[in-house]
Amino acid sequence: MEWLWIAVATCVLVSCSVKDDWWFEYEEGIRHYSKEALNKEFPEKTRPVSFKHPAFQCPDMSPSPSVPSSEFVKVADIKVIAALGDSLTIGGYGSFQDVITLAIIKLFNPKLVGAAPGKTVHGMQAHISETGFNLAVTGQNTNLPGQTRHLIDTLRGYEGLNFEQDWKLLTILMGMNDICDYCKDKQALFSVDNFIHYITVSLEMLMNEVPRMIVNVVQILPMQTLREVQKPTPGCLLQSFCSCLIEPVAKSPELRELVEVNLEFQKRLEQLLHSDRFFKDDFAVVLQPFLKHADPPRLPNGKIDMTFFTHDCFHFTIKGHEELAKGLWNNMFQPEGGKMIVSSFSDPISLICPPM
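Numbering of residues starts from 1 in each chain and follows the order in which that chain's sequence is written. With pLDDT at 70 or above as the cut-off, local features in this predicted model cover only qualifying residues; side-chain atom pairs require 80 or more to be listed or tallied, and sums for whole chains, interfaces and linings still use all residues. Values shown for side chains rest on all heavy atoms present in the structure; no hydrogens or waters enter the calculation.

- Under the annotation held in an unreviewed UniProt entry, the protein chain carries the name Phospholipase B1, membrane-associated-like and is attributed to Seriola dumerili.

Written out as structure tokens, the structure is:
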């Protein structure tokens, strides 16, 4: 039995109603930069206007002859894409950052609905015309059910979408902010129990209310190596974004505990999703593990390749998001037990085609 899972990584900046302390510090750090100045100082994080991706073609890019069940969905059957999560699901930060929607699936279905056409600025309300169906929220921790309700209501009321018949693809990446804030409330708000509870509630909402949907849940990445992603430049505020990871000294009990908690987040997510609990004829949830052991991209000398990270030293540039997108895409076409797990993003990932 072939399982044809498809994926898309969308990178677009979505608004957040609360101006957190770390965001204020970040704005203060970069406020003297113009877009031109940023591009001049960090040319390695930008891309020439003439840049084009190599053509990607597959032997079979046609839709199913009739609406399929969840086991037999083909790429071209997907009519709608969406995303939920935190700022890593979104994209680069600030109005200076180029925004890209890497919608590989659009090559299979040019009429795809939901891709993000633009970007908005943190702290300002965003319209769906700017966000598409990427409804991830900057700085979000536990409120995934709130995002889920927003998505369901948006899909139900969206003109031109057949809510009952159209196949929908949703990608969820969340949990890193909980780990970053773990030391602030480890027994309750940022505990692994709380994280799994809200993931479960959200998936049950989707399964009970949204027909014809495939949900890709991306495994949380190992975060200890992010301690190396620091530079003494304006706006590089990883210590503010992720203080519980950055502030403990090397080999300290606090750091060891956080590393163990990171592994527990991964383990509990696997336990939740490696079952048929969230599967039926018109709905399926799949855990995509490609980030489980991922090491940040490195230069030949072993140092972190900072061209993959934005000026805040925490989020990804377009270059970084494209590699994430390719890893996720490939996972979608690989069976459980045979999915690629990236050891390092230092080597570019090649896209694979769906099985015939």
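Picking up after the structure, the text goes on.
**Here's the deal with the state of the cysteines**
Phase 1: The term disulfide is used for any two cysteine sulfur atoms that are within 2.5 Å. Scanning all chains against the criterion turns up three disulfides.
Phase 2: Residue Cys180 pairs covalently with Cys242 via a disulfide, S to S 2.0 Å. The sign of the -90 degrees torsion about the S-S bond sets the Cys180-Cys242 disulfide as left-handed. Within this pair, whereas Cys180 is found in helix α6 (residues 176-180), its partner Cys242 is found in the loop between α8 (238-241) and α9 (243-246), the two being separated by 62 residues in sequence.
Phase 3: Three labels apply to residues, based on accessible area from a 1.4 Å probe with only protein chains included: buried if under 20% of the type maximum, exposed if over 50%, partly exposed otherwise in between. A relative accessible area of 0% places Cys180 in the buried class.
Phase 4: Through a disulfide, Cys183 is tied to Cys244; the S-S separation comes to 2.0 Å. Under the scheme used here, helices are H or I runs from DSSP no shorter than 4 residues and strands are E runs no shorter than 2 residues, and both carry numbers assigned from the N terminus.

**Focus: the nonpolar core**
Phase 1: Side-chain atoms within 4.5 Å link the members of a nonpolar core, which is a set of buried Ala, Val, Leu, Ile, Met, Phe, Trp, Tyr and Cys residues. In this structure, Leu170, Leu203, Leu206, Val215, Met223 and Leu273 are the most contacted members of the largest nonpolar core, which totals 86 residues.
Phase 2: It is helix α7 (residues 192-209) that contributes the most residues to this core, eight residues altogether.

**With respect to the packing of aromatic side chains**
Phase 1: Only rings of Phe, Tyr and Trp enter the pairing, Trp through its six-membered ring, and a pair is recorded when the two centres are within 6.5 Å. The plane angle decides the type: under 30 degrees is stacked, over 60 is edge-to-face, the rest tilted. Under the definition given, this model contains four aromatic pairs.
Phase 2: Ring-pair connections join several aromatic residues into one group, and the members of that group are Phe56, Phe108, Trp329 and Phe333.
Phase 3: When the NZ atom of lysine or the CZ atom of arginine is within 6 Å of a ring's centre and also within 35 degrees of its normal, the charge is said to sit over that ring. Directly above the aromatic system of Phe163 lies the positively charged group of Lys168, at a separation of 5.3 Å from the ring centroid.

**Concerning the confidence of the model for the protein chain**
Phase 1: Averaged over all residues, the pLDDT of the protein chain is 78; the fraction at 70 or higher stands at 71%.
Phase 2: Values of pLDDT, which run from 0 to 100, indicate the predictor's confidence residue by residue. Here a residue-residue contact requires only that any non-hydrogen atoms of the pair lie within 4.5 Å. Taken as a whole, residues 91-102 scores under 50 in pLDDT and shows 53 contacts with residues more than four places along the chain or in a different chain.
Phase 3: Taken together, the stretch residues 119-125 has pLDDT below 50 and engages in 26 contacts with residues farther than four places along the chain or on a different chain.

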